[in-house]
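Working through the structure, step by step
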Amino acid sequence: MKLGIVGLPNVGKSTLFNSLTKAGAESANYPFCTIDPNIGIVMVPDKRIKLLGEMYQSKKITQAVIEFVDIAGLVKGASKGEGLGNQFLSNIREVDAIVHVVRCFEEENVVHVDGSVNPLRDIETINFELIFSDIEIMERRIAKTSKGARNDKALAKELSLQERMKEHLEAGKMAISFETEDEEEKEWLATYNLLTIKPVIFAANVAEDDLADDGAQNDYVQKVRAHAANENSEVFVICAKIEQEISELDDEEKAMFLEELGLQESGLEKLIKASYHLLGLISYLTAGEDETRAWTIKVGTKAPQAAGKIHSDFERGFIKAEVVNYQNLLDLKSIAAAKEKGLVGIEGKDYVVKDGDVILFRFNV
């Protein structure tokens, strides 16, 4: 999974990126301190993997990973080259979802690029830059498709889609809210790689005092939540400063620190939950002496396709899957005990994999 972090300058974007990835992106109280997109790989925290690894005494434990891409602070006119310009918008065309960091704290010492804190205005500024960038993409597509559309019915149909999408964007609407007429249009649309078709997770960056109640008393956060609800987006509340402090602690210290703050989980854990939910993702597990590992798949994935995540041969030569729930396996302390209790299912090609399934695939190529 690849997530692009966007936001106006000085909203806490690079501070959040640093805390998530410990990648050390430069962070300072001035716009554009992140000159190049920073990329960091983050392990997905998963207690199930650790516990299974201990049970099997695995030589290797491999967690699922998320790649974060930190994009330089966008400003009004970025799509036309203002600030650091449109080059940075191209860096988020490849991501699965956008994490939009929104400033929801007052702090005299941290300059706001527009002079005041107003999260809805900030969201609109970024959205318009993404829309303008997408309009340019559609204009180029239309120019190319128009050349052959007169003598080609399929191209004529695609041209109609492109023109309707351009109108939709010019009305200030995100591509994600556009309704296609059939599967063919949906497939064409997927190839355009539009920025505004990507799902969005809003990271409401608050002061430390607003963390314990998850921003319930913060008017800015409530506005962001109301906006996100209208867009079917996710929101999580974070204090980037605190998150950076947490990132420098070991697991035991981290747990104590979170408890002192009255928090159940870190911002990274909140973000991962929101990402998995928004993108419809789950993890299944494989466990053994050599390696215990988490594999990320889409909700609704069937056993052969899940096996294909490990190796294409597993999918091609799929015979069956031996499946047990991770908690049952942990409770009974061995696969043999789980089999005795009848808790290991022998599943075929139509089995839909569930979150937390521990699977052994049988295949023959």
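Here's what I pulled together on the structure shown here. (Residues numbered from 1 in each chain as written. Predicted model: local features only at pLDDT ≥ 70, side-chain atom pairs only at ≥ 80, totals over all residues. Heavy atoms only, no water.)

Considering the overall build of the protein
Across its full length, the protein holds 13 helices and twelve strands. If you take every contact in the protein between residues at least 6 apart in sequence, the share linking residues at least 24 apart comes to 69%. (Helix = DSSP H or I, 4+ residues; strand = E, 2+ residues; numbered from the N terminus. Contact = heavy atoms within 4.5 Å.)

Regarding the packing of aromatic side chains
Each aromatic ring pair is characterised by the separation of its centres together with the angle its planes make. Scanning the entire structure with this criterion turns up five aromatic pairs. When the ring of Tyr-284 is compared with that of Trp-295, the centres are 6.5 Å apart and the planes differ by 20°; the resulting orientation is stacked. With Tyr-284 in strand S8 (residues 281-286) and Trp-295 in strand S9 (residues 291-298), this pair connects stretches of sequence that are eleven residues apart. For Tyr-284, a relative accessible area of 0% translates into the label buried. Seen from their ring centres, Phe-318 and Phe-361 are 6.3 Å apart, and the 65° between their planes marks the pair as edge-to-face. One end of the pair, Phe-318, is in strand S10 (residues 318-325); the other, Phe-361, is in strand S12 (residues 357-363), with 43 residues separating them in the sequence. (Phe/Tyr/Trp six-rings, centres within 6.5 Å; stacked < 30°, edge-to-face > 60°. Buried < 20%, exposed > 50% of the residue type's maximum accessible area, 1.4 Å probe, protein only.)

Digging into the pairing of strand S4 (residues 65-70)
In terms of strand pairing, strand S1 (residues 2-6) meets S4 through four bridges, oriented parallel. The partner of Leu-3 across the bridge, within S4, is Phe-68. As paired strands, strand S2 (residues 38-43) and S4 are joined by six bridges and run antiparallel to one another. Each residue of the ladder has a partner; that of Ile-39, found in S4, is Val-69. (Pairing = 2+ DSSP bridges.)

Some thoughts on the environment of Lys-270
Among the structural elements, Lys-270 can be located in helix H9 (residues 267-279). Expressed as a C-alpha distance, the spacing of Lys-270 and Ala-203, which sit 67 residues apart in the sequence, is 9.8 Å. Here Lys-270 is in contact with Leu-211, Asp-214, Phe-236, Val-237 and Glu-265, once residues within four sequence places are set aside.

With respect to the environment of His-168
In this fold, His-168 is placed in helix H4 (residues 153-170). In this structure His-168 comes out as buried when scored by relative accessible area, which is 13%. In this structure, the C-alpha to C-alpha distance between His-168 and Ile-131, residues 37 residues apart in sequence, is 9.8 Å. In this view, His-168 contacts Lys-173, Met-174, Ala-175, Ser-177 and Phe-178; residues no more than four positions away in its chain are not counted. Among the polar contacts made by the side chain of His-168, one reaches the main-chain carbonyl oxygen of Met-174 at a distance of 2.9 Å. (Polar contact = N/O pair within 3.5 Å; in protein donor to acceptor, adjacent residues only side chain to side chain.)

As for the sheet that holds strand S5 (residues 97-103)
Spatially, the six strands line up as an open sheet ordered S2-S4-S1-S5-S6-S7, and their pairing is mixed. What marks the edges here is a single partner per strand, and that holds for S2 and strand S7 (234-238). Averaged over all pairs of adjacent strands, the angle between strand axes in this sheet comes to 25°, irrespective of strand direction. (Axes fitted to C-alpha atoms, helices over the stretch in contact; angles between N-to-C directions.)

As for the packing of helix H3 (residues 119-149) against H4
Their axes nearest at 9 Å, the elements H3 and H4 cross at an angle of 155°. When the axes of H3 and H4 are compared, the pair comes out roughly antiparallel. As H3 runs across H4, the sense of the crossing is left-handed. For the pair H3 and H4, contact is made by Ile-131, Asp-134, Ile-135, Met-138, Glu-139, Arg-141, Ile-142, Thr-145, Ser-146, Gly-148 and Ala-149 and by Leu-155, Ala-156, Leu-159, Gln-162, Glu-163, Met-165, Lys-166, Leu-169 and Glu-170, respectively. (Parallel < 35°, antiparallel > 145°, perpendicular 65-115°, else oblique. Left-handed = near helix turned anticlockwise from the far one by under 90°.)

Regarding the side chain of Lys-13
With respect to the helices and strands, the residue Lys-13 is situated in helix H1 (residues 13-21). A polar contact is formed between the side chain of Lys-13 and the side chain of Asp-70, at a distance of 3.1 Å.

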